[in-house]
Every structure is written in C-alpha cells, then in structure tokens.
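Topology and contacts: notes
The primary structure of each chain is shown beneath.
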Amino acid sequence: VYVKRAGVGIRVEGYNVTSPVMRTWIQNCSIATGTGDSVGATGINTANTLYPVIRGNTIRNLYGTGTVSGISVGTQCGGAQVYNNSIATMRTTGTSSIVNGIQQSGTQDLGGARYYNNMISDINGVATGTGAVYGFYITAGSNGIADTFYHNSVNLSGTGTGLRKSAALGLE
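So, here is what we can say about the structure in this document. Source: prediction; values computed, not measured. (Residues numbered from 1 in each chain as written. Predicted model: local features only at pLDDT ≥ 70, side-chain atom pairs only at ≥ 80, totals over all residues. Heavy atoms only, no water.)

1. Describing a nonpolar patch on the surface
- On the surface, Phe149, Leu169 and Leu171 cluster together into a nonpolar patch covering about 280 Å² of accessible area.
- Of note, Leu171 is situated in strand β19 (residues 165–171).
- Taking the relative accessible area as the measure of exposure, Leu171 reaches 60% and is therefore exposed. (Patch = residues over 30% accessible without salt bridge, like charges linked within 9 Å, V, L, I, M, F, W, Y side chains within 5 Å. Areas by Shrake-Rupley, 256 points an atom, 1.4 Å probe, with all protein chains shown as cover. Salt bridge = Lys/Arg side-chain N within 4 Å of Asp/Glu carboxyl O. Helix = DSSP H or I, 4+ residues; strand = E, 2+ residues; numbered from the N terminus. Buried < 20%, exposed > 50% of the residue type's maximum accessible area, 1.4 Å probe, protein only.)

Here you go:
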C-alpha cells in the first residue's frame, strides 16, 4: 500500500471497546515517501483493535498544526506489536502541539505492547512555545502489564526556545 496526500495515512478502528477489530496486520506500507508527498497529522492510527501488528512500514513527511504522530496506538489496542518501522520528517506548526514518532494513548486492558527495532528521526516542532517533541510518547499504560521497548533508535533534531520538552521516551 502506498499512501500520499491524505489527512491520515491508514486508520483501523473497531466499533467500540466491546466490538473491537481483532489481530489486524499493517505491514510493508509506504506513507508519503515520494518527493512532494505529504500526509496530515497521523501516518498509521489504530483504536479498539486488539493485538494489532504494525511492522515494516515507512512513514515520511507528516505535517500538521496540532499533534502529529507517525504511529498512534490508541485505546484498547492491548498486545500491540510495533516493530521494524522507519519514521522520519515530521513537523507541527502549533506552538503548544506535540510531535511524536510513536504514541500510545488510552487504556490497554489486554496485554502490554511491544515496541522494537523502530527507527525514528528528523522530528521537530516549532522553534518557540510550549509544545513537545518525543520519539515515543506514552500517555496510558497497560493496567499493570508492562509495555516493552527495546532496540529502537531515536534521533531528535533542531533547536528551540521557550518551554518545549523533548525526549526519546516521554511518559505521562
């Protein structure tokens, strides 16, 4: 699958917590990798998708005025496996917005997520303001089941002033 010039590259979302999508594989996709291509705020987005596997994808050129995420693992995506992805060239113009390579948000009741062998680079926000830049941004855990992160590479770039936060792994 090749996606270019879209608001969201790929989105998989179950109906609700009690009617989720099961064991979805999103693999070997190219999102906005060509010259002049761009996708809006999110490359790959999942929610209410139990045990998703997101692997081997190349995501480039994401731009937005709010939060920008290369891969967003949303509510009730327990047991997610996110690996061997390459994410680069992401920007936000919002002065209080967040840009992140991979985000996990919402409750994960059915198992910890595994994030490994991902490469994240060239992500940056605006030069001023209170926004943040994260390689991985985790805003919710897996209800007592540990999430694991290993063998990932994060390269944050750019400079800024103000109260911006930046980290390879941001936890809230």
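Having put the structure on the table, let's press on.
2. Focus: the environment of Val82
- Its place among the elements puts Val82 in strand β11 (residues 81–83).
- By relative accessible area, Val82 is classed as buried at 0%.
- When the C-alpha atoms of Val82 and Ile54 are compared, they prove to be 4.8 Å apart, with 28 residues separating the residues in sequence.
- If we ignore the near neighbours within four places in the chain, the residues touching Val82 are Ile54, Ile71, Val73, Ile102, Arg114, Tyr115, Tyr116 and Asn118. (Contact = heavy atoms within 4.5 Å.)

3. Overview of the side chain of Asn118
- Tracing the sequence through the fold places Asn118 in the loop between β14 (114–116) and β15 (119–124).
- Here Val82 takes part through its backbone oxygen, which lies 3.0 Å from a polar atom of the side chain of Asn118.
- Each residue touching Asn118, except ones within four places of it in the same chain, is listed here: Val82, Tyr83, Asn84, Asn85, Ile102, Phe136, His151, Asn152 and Ser153. (Polar contact = N/O pair within 3.5 Å; in protein donor to acceptor, adjacent residues only side chain to side chain.)

4. Brief notes about the packing of aromatic side chains
- Across all of its chains, the model carries six aromatic pairs by this definition.
- Summarising the aromatic geometry, the rings of Tyr115 and Phe136 are spaced 5.9 Å apart at their centres and angled 70° between planes, so their arrangement reads as edge-to-face. Of this pair, Tyr115 sits in strand β14 while Phe136 sits in strand β16 (residues 132–138), and the two are 21 residues apart along the sequence.
- Take Phe136: its relative accessible area is 4%, and that puts it in the buried class. (Phe/Tyr/Trp six-rings, centres within 6.5 Å; stacked < 30°, edge-to-face > 60°.)

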